[in-house]
Amino acid sequence: MSEIGNLKSGNALLRVTSYLFRYKKLFFMTLLMAVAMTMLAVTVPWVIQKVLDHMFDHGVQDGNVLWGGILIIAGLYLGRETFNFFRIRINNILEQKVILDLRKDLHDKLLELPVSFYDRRKSGDVASRVVEDVQNVERAILDGTEQGTVAILTILGVTAVMFSHEPMLAGFVFLPLPILFLMAWRYARVQRLNWKAVRETSGELNSLLVEDIQGNRLIHGFALQNRERSRFHDMSKELEKRNLHAMFRWSIQGPSANFISSLGIVAVVGMGAYLLQTNPAFTKGQFFAFLYYAHMIYEPVRQLVGINNLLAAGKASGERVFEVLDHPIEILDPKQPKPFPKGEVDLSFREVSFSYPERDNLVKNLNLEVPAGRVTALVGQTGAGKSTLANLALRYYEVNDGSVQIGGVDVREMTLSELRGNIGIVSQDPFLFDASVKENLLLAKPEANQQELTRALKAACAFDFVERLPEKIDTMIGERGVRLSMGEKQRLTIARVLLKNPPLVILDEATSSVDVVTERQIQEGIANLVQGRTTLVIAHRLSTVRDADQIVLIEGGCIVERGTHSELLSQRGAYSALCRHQENVIPENFEVPAF
């Protein structure tokens, strides 16, 4: 994890500036270009003063002085913009490097965060932080640095020149500045909250949009278009309202700052005219130069006030970014990890208790042995704690009490990559990437050859349908495998686990989303998958677990019954009653019809 993410306090924008110092050479080159620009810009009024004083003293007959002055001024402007060209180019490179690093650190942290983090957040809001909030922070820091550096250097340079020439008149130039800075400070305090509200609402809108995209089939199937239009419109109006509230504050701040700055110009004109009348040493050239300097100092001051608005928005986004970067990772690798046990392994739950945050215990003092090389099925009503046990075995969550052991080794004593790399999981909702069939399979074993891929597809009963695809194994299957049926996606998932060849397999409602015909096809692939492997099956359909070596009925996080299918039926207890109430049991002599 990035060192930036380890910081637990401090202003978000100050923390982001730490990224700038990863590229000190580029950063200081930008500052050097800005200093050169400032020096050339400050020289222009001095040249104007000299030319005008010469003309007022000697008339306009000497054209060489006039044209020479014009050429010098033009050269100074050309030099300034040349340095500006290099500054912008260097700053652009720095900008992209910083935003890349910030996004990378944020993405790396998202990959490390536990499942519980995503349980409590909307995917659209998380995506908004990576894309939009990082962009806002980048604009605030780099645009603010780019414009702010030039503005501050200009103010310092002009201040030094003015006070060295006429301190009294320079003092009049600075009269409005305390008021401007006080206004800016008060504005920043209020706008940070306003822009934070804008960013949070934008995250909600992104979440709604992602939800509509992912649920488009449900929306069409239930004719929910009007409902979703209304939800999107309401959220968009709320975002519009909050944006306007933040913008209206600027409509007061911006013109007010400009007006107060203009009063400074008025003061310079009045005091300058007075000095021309009373101080013979004060020349007309100095007066024009001071007007130019006053403009030069108020323009960057107005820029700084504008940057203040940018920083307020950036700080709000920065807080959302660092909320993720600072989120504690509660499930960590041990300092002295043990290797995953070799050969066949058993899975043990010993006095395990677990509860989700702000809920009562879901699993209570549970003891369960999943024998090595055998199939153990967990059955029971929804919410009984079956999938929770699978999550604990994978260390998606930590047990409150007790331990989960694989081959006699506590899962907390293994690295997460070692643990999860040796467990294959087939879930109810199979996830496939927007890539080809082959690329999705190679996630399990990148070095697999074509023969291994074919063997896995055949074992999963997926080879035939893959061969019928337009480009066979190289066919693109769309986001989340949208171009395939649920049964086809499930069989590809099984093939992927077969290719991984793990010693421990978890099947979490692997056939609950398919019809009985497709279920039988998937069961053939599952039969090949579980052969010789320690397997934990979670199921509602009891037809899928009747051949398990051990069936465990769970209610309220406790084991109620355990045994084989026939043993539990003979007991005429809760399992037997559950079998009688299920209407979708596939008969033992059921045959898949030929098409």
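Residues numbered from 1 in each chain as written. Predicted model: local features only at pLDDT ≥ 70, side-chain atom pairs only at ≥ 80, totals over all residues. Heavy atoms only, no water.

### Here's the deal with the sheet that holds strand 2 (residues 363-370)
For clarity, the cut-off: Two strands are said to pair when DSSP picks up at least two bridges between them. Here a strand is any run of E in DSSP of at least two residues, a helix any run of H or I of at least four, and the numbering for each starts at the N terminus. We call two residues in contact when some of their heavy atoms are within 4.5 Å. An axis is simply a line fitted to the C-alpha atoms; with a helix, the fit covers only the stretch in contact. Between two such axes, the angle follows the N-to-C directions and lies from 0 to 180 degrees.
An order of 2-1-4-5 is seen for the 4 strands of this open sheet, with the pairing classed as antiparallel. The open sheet has two edge strands with one neighbour each: strand 2 and strand 5 (409-410). Here helix 12 (residues 386-393) sits on the sheet in contact with strand 1 (347-354), strand 2 and strand 4 (401-406), set at roughly 110° to strand 1.

### Quick look at the packing of aromatic side chains
Selection criterion: Each pair of aromatic rings taken from Phe, Tyr and Trp, with Trp reduced to its six-membered ring, is defined by centres within 6.5 Å and is described as stacked if the planes are under 30 degrees apart, edge-to-face if over 60, and tilted in the remaining cases. In this scheme, a residue with accessible area under 20% of its type's maximum is buried, one over 50% is exposed, and one in between is partly exposed, where area comes from a 1.4 Å probe on protein chains only. Counted as over-ring charges are cases with an Arg CZ or a Lys NZ within 6 Å of the ring centre that also lie within 35 degrees of the ring normal.
If you walk through the whole model with that rule in mind, you get 8 aromatic pairs. With a centroid separation of 4.9 Å and 85° between ring planes, the pair formed by Phe354 and Tyr356 is classed as edge-to-face. Across the pair, exposure class does not vary: Phe354 and Tyr356 are buried alike. Three or more aromatic residues joined by ring pairs form one cluster here, namely Phe21, Phe27 and Phe28. Over the aromatic face of Phe463 sits the side chain of Lys458, whose NZ or CZ is 5.0 Å from the ring centroid.

### Here we look at the sheet that holds strand 9 (residues 550-555)
The 6 strands lie next to each other as 6-7-8-3-9-10, forming an open sheet whose pairing is mixed. The two strands at the open ends of the sheet, each matched to only one other strand, are strand 6 (423-426) and strand 10 (558-563). Within this sheet the neighbouring strands show an average axis-to-axis angle of 20°, counted without direction. The pairing of strand 6 with strand 7 (residues 504-508) spans 4 bridges and is classified as parallel. What sits directly across from Gly424, in strand 7, is Val505. Against the sheet, helix 17 (residues 486-500) touches strand 6 and strand 7, its axis set at about 175° to strand 6.

### Quick notes on helix 17
Here is the rule we go by: Expected helix span is taken as 1.5 Å per residue step, with the number of steps being one fewer than the number of residues.
Taking 1.5 Å per residue as the helical rise, helix 17 with its 15 residues ought to reach 21 Å, and the 21 Å between its terminal C-alpha atoms agrees with that figure. Counting buried positions along helix 17 yields 13 of 15 residues, so the element is predominantly enclosed. The first or second residue beyond helix 17 is Asn501, which carries a positive phi of 55°.

### Some points on the pairing of strand 7
With 5 of 5 residues buried, strand 7 is to be regarded as a mostly interior element. What you see with strand 7 is no split at all: Leu504, Ile506 and Asp508 on one side and Val505 and Leu507 on the other are buried throughout. Bridging between strand 7 and strand 8 (residues 534-538) involves 5 bridges; their strand directions are parallel. Across the sheet, residue Ile506 finds its bridge partner in strand 8, namely Leu536.

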